[in-house]
Every structure is written in structure tokens, then in C-alpha cells.
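# Structural description and commentary
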Amino acid sequence: MKAGEHALLHVGWELGYGKEGSFSFPNVPPMADLVYEVVLIGFDETKEGKARSDMTVEERIGAADRRKMDGNALFKEEKLEEAMHSMKWP
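Residues numbered from 1 in each chain as written. Predicted model: local features only at pLDDT ≥ 70, side-chain atom pairs only at ≥ 80, totals over all residues. Heavy atoms only, no water.

Further remarks concern the overall build of the chain. Helix and strand counts for the chain come out as 2 helices and 2 strands. The buried share of the chain, taken over its 90 residues, is 22%. Considering only intrachain contacts with a sequence separation of at least 6, the fraction spanning at least 24 residues in the chain is 42%. (Helix = DSSP H or I, 4+ residues; strand = E, 2+ residues; numbered from the N terminus. Buried < 20%, exposed > 50% of the residue type's maximum accessible area, 1.4 Å probe, protein only. Contact = heavy atoms within 4.5 Å.)

In C-alpha cells, the structure reads:
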């Protein structure tokens, strides 16, 4: 995808909420397929010191895990705005 492009992501019920569904928020019936509309906002190629296009899959997963851990730490400190921005790939 390129920055600004939209895409529909289809998640089959087997990989979504399964046979049980979810009756909390959001309420998802059993065996429901999920469809998400996503927009790629953009890329920040410099945060990891290397363009993502030059990273291996393992490096990308590692970078995503680090961003998730940083965002979770900020969330626990109740720095919600910073946590939301740290999780985005601007």
C-alpha cells in the first residue's frame, strides 16, 4: 500500500472471535467474519535506523514489538496521548 490508500481487510471467523463470538464490546455474533476498512497514514522510515523496505520480516516484527512495548508503558503511566502517537507509523 501507499500512504493515503484504503483497503478492506477480511478476517474469517476462525481467526476472529471464533465459534463463541464476543458479547462484550464490540458485540460480535458466533462464527462472524470481520471486515475492517483501513487507511495507511504513512511511514516513518527513520525510527529504526533503516527503511522498512530494507528490513527483513524478523526486523519488522521486532520493530513493531518495541513500539507496542513503548506504547503499553506510556499507557500504564496514563500518558494516553503519547501512547497513541507512539503506536502509529506516521
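After presenting the structure, the write-up continues.
Once that is clear, we can look at the side chain of S22. Structurally, the position occupied by S22 is in the loop between β1 (6-11) and β2 (34-39). Looking at S22, its side chain comes within polar contact range of the side chain of S24, at 3.3 Å. Contacts of S22, omitting those with residues within four sequence positions, involve Y17, N27 and V28. (Polar contact = N/O pair within 3.5 Å; in protein donor to acceptor, adjacent residues only side chain to side chain.)

Before going further, it helps to examine the pattern of salt bridges. Side chains that carry opposite charge are capable of pairing whenever their charged atoms lie near each other. Scanning all chains against the criterion turns up 1 salt bridge. As a salt-bridge pair, E77 and K79 come within 3.1 Å of each other at their nearest N and O atoms. (Salt bridge = Lys/Arg side-chain N within 4 Å of Asp/Glu carboxyl O.)

What follows deals with unusual backbone geometry. Positive phi, normally seen in glycine, also occurs at M31, with a value near 55 degrees. Topologically, M31 is positioned in the loop between β1 and β2. Phi at E78 takes a positive value of approximately 60 degrees, unusual for a residue other than glycine. Mapping E78 onto the fold places it in the loop between α1 (57-76) and α2 (80-87).

None of the figures reported here should be taken as evidence of function without further support.
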